[in-house]
Structure formats: C-alpha cells, structure tokens
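Here's the letter readout for the chains.
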Amino acid sequence: GAEWWTHTRPLGANLGHQLHFDTDESLLGNAGKVTHPVISSVLYLTGGGGGKHDEENDASTTENEAKEGGVVAGSTIVFDQTPASEEVASQAWIGHARDNAFLNFPGNLLHGVLPC
C-alpha cells in the first residue's frame, strides 16, 4: 500500500511539522499494531530558488532573501532514532527544501520539517 500527504504553507508562516514516525494510522487505531513503511520519501515540488543553494550560508533565509530566490520552504530533518531505540538519536540528516528535491529514508526513522 501507499499513503501520501501534501502540505502548503504561506510564505513566512511555515512553522514546520512536528517530529514523528510514519505509521499505518488505520491499523494502529483498529488493532493497536504499530507498523512502518519500508521507505518514506519527501518530494518538494517547490522549495524556492529553482535549485539555488548557498553552501557557505546554509542557515535560515530571511523573507527578503526568499523573495530573491532563496529557500521558502522548511527542510526535512531525519534522525537515526526508531521507536525501538533505547537511546535518543545520535545523528541527523537534513534534506533541503529545493525545487524538485527528492529524499528517501528508512520508514521507521524519526523525522519532521524544520520551521523557516
């Protein structure tokens, strides 16, 4: 099976998306069973800048910079923590919000969207 979500946020009002584990909500609700997809993925159709990426200044982008072609969407952060982990995450990876950017990762990892 497959499940998909879409998010659209107004410029300057993206507060991100809380950290979570992808799971089959229906199976969890009906049978109390926690399952995860084999692969989770994120596709940014738009993210700002037409692929422009400033490696030296990879921190948050101001609204004026966003209007001039910088990042206008929150980046995805993925941690090396699963529901079975006995300790908190020790590593994290960031998938930057860029036009046509695609990210995939093991479906049982903790992840969310950073505010921008």
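What comes next is a walk through the structure.

What counts and how
- Residue indices follow the written sequence of each chain, beginning from 1 at its first position.
- Two thresholds apply to this predicted model, a pLDDT of at least 70 for residue-level local features and 80 or more for giving and counting side-chain atom pairs, whereas whole-chain, interface and lining totals are computed over all residues.
- As a rule here, side-chain values come from all non-hydrogen atoms in the structure, and water together with hydrogens is ignored.
- Put simply, DSSP H or I for four residues or longer makes a helix, DSSP E for two residues or longer makes a strand, and each gets a number counted from the N terminus.
- Residue contacts are defined here by distance: any two heavy atoms, one from each residue, within 4.5 Å place the two residues in contact.
- Per-residue and other accessible areas were derived by the Shrake-Rupley procedure at a 1.4 Å probe size, with only the shown protein chains allowed to occlude residues.
- Using protein atoms alone on a 1 Å grid, points that fit a 1.4 Å probe yet trap it form a cavity, whereas open point sets bounded by protein on both sides within 12 Å along at least five of seven lines form a pocket; residues with an atom within 4 Å of a point count as lining.
- Grid points are joined across faces, edges and corners, and a volume is the space filled by probe spheres set on the points.
- Polar contacts here mean pairs of N or O atoms no more than 3.5 Å apart (in protein, one a potential hydrogen donor and the other a potential acceptor; neighbouring residues in sequence count only if both atoms are side-chain atoms).
- Strand pairing is assigned whenever DSSP detects at least two bridges linking the two strands.
- Fitting a line to C-alpha atoms yields each axis, with helices limited to the stretch in contact; the angle taken between N-to-C directions then spans 0 to 180 degrees.

## Quick notes on the overall build of the protein chain
Next up, step 1: For the protein chain, the helix and strand inventory stands at two helices and six strands.
Next up, step 2: In the protein chain, of all internal contacts separated by at least 6 residues, the share reaching a separation of at least 24 is 70%.
Next up, step 3: Surface exposure of the protein chain reaches about 8,100 Å², of which carbon and sulfur atoms provide 53%.

## A closer look at the layout of surface pockets
Next up, step 1: Of the voids in this model, the largest pocket is the one considered here, and its volume is about 1,500 Å³.
Next up, step 2: Taken together, 40 residues form the lining of the largest pocket, with Trp5, Thr6, His7, Ser41 and Val42 sitting closest to its centre.
Next up, step 3: Elements represented by at least two residues in the lining of the largest pocket include exactly β1 (17-20), β2 (39-44), β5 (101-106) and β6 (111-113).
Next up, step 4: Residue contributions to the lining of the largest pocket peak at six residues, all from β2.

## Here's the deal with the side chain of Thr23
Next up, step 1: Along the chain, the position of Thr23 falls in the loop between β1 and α1 (25-31).
Next up, step 2: A distance of 2.7 Å separates the side chain of Thr23 from the backbone oxygen of Thr35, its partner in a polar contact.

## Some thoughts on the sheet that holds strand β4 (residues 92-95)
Next up, step 1: Taken in spatial order, the four strands make up an open sheet running β1-β6-β3-β4, and their pairing is antiparallel. Looking at the sheet topology across the chains shown, the edges are occupied by β1 and β4. Strand-to-strand twist of the sheet, defined as the mean angle between neighbouring strand axes without regard to direction, takes the value 15°.
Next up, step 2: As defined by bridge partners, β1 adjoins β6 across two bridges and the pair is classed as antiparallel. Across the sheet, the residue bridging to His20 is His111, located in β6.

## Brief notes about the environment of Gly107
Next up, step 1: Examined against the element boundaries, Gly107 turns out to sit in the loop between β5 and β6.
Next up, step 2: Once residues lying within four places of it in the same chain are set aside, the contact partners of Gly107 are Asp22, His36, Pro37, Val38, Ile39 and Ser40.

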